[in-house]
Amino acid sequence: MANLQIGGIDCRDLAAVSGTPLLVYDESKIEQQLAAAIQGFQSEHFETEVVYAAKAFSCKAIFRKIQEAGAGLDVVSGGELYCAKEAGVDMKRIYFHGNNKSDEEISMALELGCGTIVLDNRMECRRLCQLAEEHKKNIQVLLRVNPGVEAHTHEYIRTSGADSKFGISIEKKEEIRQLLQPALDSKYVEFKGFHSHIGSQITETEGFSAALEIMIRFIREMKDIYKIEAKHLSIGGGFGIKYTASDKPIPLGDMAGMLARICEERMAAEGIDLEKLLIEPGRSIVGEAGYALYTVGFGKDTDTKHFLFVDGGMSDNIRPALYQAEYSCDIATRLGEKKDRTYCIAGKNCESGDILIKEAELPSSAAEGDLLVIYAAGAYGYSMASNYNRAGRPEVVFAKDGKARRVLRRETYQDQLRLEADEQLTI
Ligand SMILES: Cc1ncc(COP(=O)(O)O)c(C=O)c1O
């Protein structure tokens, strides 16, 4: 029987110092993924940029790691932008996404010197141009378009793409031209190119390959028809990771390399000269590096199930309840023991759907006080965490070479009450 080690530290020691639920990142794994993406994503024909999608997991510590590794940062809100500023991220490396940015957020981006805004629609383009003029600030833009490719895991479909809330369909070329006109005429706003994002947890290259082919043809057509020249192309994120044994993702570095090669081929085929190709991985940078540790509490046997209850749940990881995401787990303090019972791992939130794993094979010796680890918990868990039932967000620790540092402290009851008010409003 062995205990799980994370970053060279026994999980029992981590839980003893920090308590549970606890999210531990193996820092070296984050570094390896960043290095693999950056090294794999190279071309002799154009510049490349790996941009980390902050929504997967954001805090100052991860933003600093992203910057140290030499990657850019994709943010989607004033909150993520503020956190990036406070972390000391180079604002020029920031790509600000979102389908409904407020005036306040756009002004904040302009004032902070944010490098690029990824425009989503016509109204936003007009508003940005007005605000850039008012603030007298320069900014680059990409336009998010919808290539009509939707990919999920290992299947992709070609759709008209017309129903997505994000971006504008590439079929609407004249509308795109009109949409971009204020940016093309602006003294402050510089149009750089296009962006597309086709889905998430994609484990095959076919969807990206189809999207690249469509996007590069579209770029050529926009140049031929309207003389609108895109120099940059971002093909978004969505690279899959291994949650369970059935996931067989392509290693991130290989995937990134393949995309660069496909882009080179398609550019040659269309006679297009791009200056820069970008990818925006989120999940694949932090997902597998994250280990969610819980303490097992009570259990319960029904006629059909053996329940194991843990001290967290949908308040720290809503993905299983939200869209049936699957994970694998172990009793972290009983590694190597025979797994001879199927358990249902349920959280402590007041909701029947608060099930973290429906069926997990674990040793039948699993007992109160054991530590349960959910693997690949580093993406979209903490960032989607809530205070449902007034559960506090868990502590987050980075572990490396036998040393651990707290990067987000546990949210206390007092933290939750800091927003309470009883003030008369003057209306
Ligand atoms: C525009 C954009 N870029 C990047 C990402 C990151 O995707 P992933 O974490 O799956 O790599 C997303 C995810 O929703 C996205 O919408």
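Residue numbers restart at each chain and count upward from 1, following the sequence in its written direction. Residue-level local features of this predicted model are given only where pLDDT is at least 70; pairs of side-chain atoms are given and counted only at 80 or more, and the full residue set underlies all totals for whole chains, interfaces and linings.

A. Main features of helix 1 (residues 11-18). With C-beta atoms placed from the backbone, the exposure class of a residue follows from how many other C-beta atoms lie within 10 Å of its own: 20 or more, buried; 12 or fewer, exposed; in between, partly exposed. For the purposes of this entry, the term helix denotes a DSSP run of H or I that reaches at least four residues, the term strand denotes a run of E that reaches at least two, and both are numbered from the N terminus. The complete set of buried residues in helix 1 reads Cys11, Leu14 and Ser18. The buried residues of helix 1 occupy one face: seen down the axis, they fall within an arc of 60°. Directly beyond the C-terminal end of helix 1, a positive phi value near 80° is found at Gly19. The directions from the helix axis to the C-beta atoms form the arc being described.

B. Focus on the nonpolar core. In this structure, Leu293 and Val373 are the most contacted members of the largest nonpolar core, which totals 127 residues. Per element, the largest residue contribution to this core is 9 residues, and it comes from helix 8 (residues 206-226). Residues from two domains meet in this core; each of domain 1 (5-10 + 290-377 + 394-411) and domain 2 (27-286) gives at least three. Note on contacts: residues are paired as contacts if their backbone-placed C-beta atoms lie within 7 Å. With residues near it in sequence (within four places) discarded, Leu293 still touches Cys11, Leu14, Ala15, Thr20, Pro21, Leu22, Val24, Ala332, Leu371 and Val373. Among buried residues, those of type Ala, Val, Leu, Ile, Met, Phe, Trp, Tyr and Cys that are joined through C-beta atoms within 7 Å form a set called a nonpolar core. Bear in mind that the domain bounds are from an automatic or database domain assignment.

C. The environment of Leu417, seen in detail. Along the chain, the position of Leu417 falls in helix 12 (residues 413-417). Residue classification places Leu417 among the exposed residues on the basis of 9 C-beta atoms within 10 Å. Each C-alpha atom of the pair Leu417 and Ala69 lies 37 Å from the other, and the pair is 348 residues apart in sequence.

D. View of the domain arrangement of the chain. Annotation of the chain at the domain level lists domain 1 (5-10 + 290-377 + 394-411) and domain 2 (27-286). For domain 1 versus domain 2, the distance between C-alpha centres works out to 34 Å. Domain 1 puts 12 residues into the contact, and the matching count from domain 2 is 9 residues. For the side of domain 1 that touches domain 2, the secondary structure elements donating two or more residues are strand 22 (395-400) and strand 23 (403-408). At 4 residues, the largest contribution of residues to the side of domain 1 that touches domain 2 is made by strand 22.

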